[in-house]
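# What the coordinates show
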Amino acid sequence: MAGAGKAFGALGGYVAASEVVATAIKSQSRSFIFTTAMPPVILAAILEALDIIRGADALRAQLRKNMAALRKLLAEQGFDYLDSRSHIFPVMTGGNECTRRACEALLEQGIFAQGAIYPSVPPNQGRLRVTVLPQHTEEDLHRLMRALVAVRASVKGFGVLQEA
């Protein structure tokens, strides 16, 4: 079972199963019984995404390179990113208000980083969700780092984490 949102840039999800299991799910699952069929345009988007993914070895290699570069830059500047091994880096900020201010300050510099605040994360464990893509350049990563350093210096409490 998997979702098609983040992996394929669409919505919905799927279950890969034997015919017996699929039939059982179809006849017993309330969430399946009371749902609407997926629109054809979403299915087409998922199929197109699968075609792109199958031939994306160069993109995957560039993504891994960008992930390693961002990991190195964050560590060099002393940002806590929970040793993320994914393309989404949780840059730890602190409380809810600090996280909100950091998001706004970055957006003013043309950088979108989604904030995650309590109750989505533990109290005073707010974070920015920084996503690196294969299309990002080395200069993009350095620009992000300059912006994060500036925001950390200007937003009171940035990086001050407290246990709940």
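Structural data are supplied above this passage.
Below is a short write-up of the structure. (Residues numbered from 1 in each chain as written. Predicted model: local features only at pLDDT ≥ 70, side-chain atom pairs only at ≥ 80, totals over all residues. Heavy atoms only, no water.)

Another point: the pairing of strand 5 (residues 126-131). If a strand is regular, its side chains alternate between the two faces of the sheet. Bridge count for strand 3 (residues 88-94) against strand 5 is six bridges, and the pairing is antiparallel. Across the sheet, residue I88 finds its bridge partner in strand 5, namely T131. Summarising the sheet, strand 4 (residues 114-116) and strand 5 pair through three bridges and their orientation is antiparallel. Following the sheet pairing, Q114 is matched in strand 5 by R129. (Pairing = 2+ DSSP bridges. Helix = DSSP H or I, 4+ residues; strand = E, 2+ residues; numbered from the N terminus.)

Right, let's talk about the sheet that holds strand 5 for a bit. Strands sit in the order 3-5-4 across an open sheet of three strands; the sheet is antiparallel. Strands with a single pairing partner mark the edges of an open sheet, and in this sheet they are strand 3 and strand 4. Adjacent strand axes in the sheet meet at a mean angle of 30° when their direction is disregarded. Sitting on the sheet, helix 5 (residues 96-108) touches strand 3, strand 4 and strand 5, and the angle it makes with strand 5 is about 30°. (Axes fitted to C-alpha atoms, helices over the stretch in contact; angles between N-to-C directions. Contact = heavy atoms within 4.5 Å.)

Attention shifts here to the nonpolar core. Judged by nonpolar contacts, the single largest core of 27 residues is most densely connected at L74, L128 and F158. Taken together, the elements giving at least two residues each to this core come down to helix 4 (57-76), strand 3, helix 5, strand 5 and helix 6 (138-154). Ranked by the residues each element gives to this core, the list is headed by helix 6, at six residues. Residues within four places of F158 in sequence aside, it is in contact with F79, V91, M92, T93, C98, A102, L128, V151 and R152. (Core = buried A, V, L, I, M, F, W, Y, C linked by side-chain atoms within 4.5 Å. Buried < 20%, exposed > 50% of the residue type's maximum accessible area, 1.4 Å probe, protein only.)

We now examine the packing of aromatic side chains. With the rule as written, the count across this model stands at three aromatic pairs. On the numbers, 6.4 Å between centres and 45° between planes, the contact of F8 with Y14 is tilted. Note on Y14: relative accessible area 42%, which makes it partly exposed. Ring geometry for Y81 versus F89: centroids 6.0 Å apart, planes at 55°, classification tilted. Its relative accessible area of 10% is what places Y81 among the buried residues. In this structure, R152 packs its charged tip against the face of F79, placed 4.0 Å from the ring centre. (Phe/Tyr/Trp six-rings, centres within 6.5 Å; stacked < 30°, edge-to-face > 60°. Lys NZ or Arg CZ within 6 Å of the ring centre and 35° of its normal.)

Function cannot be read off these values alone, since they describe shape.
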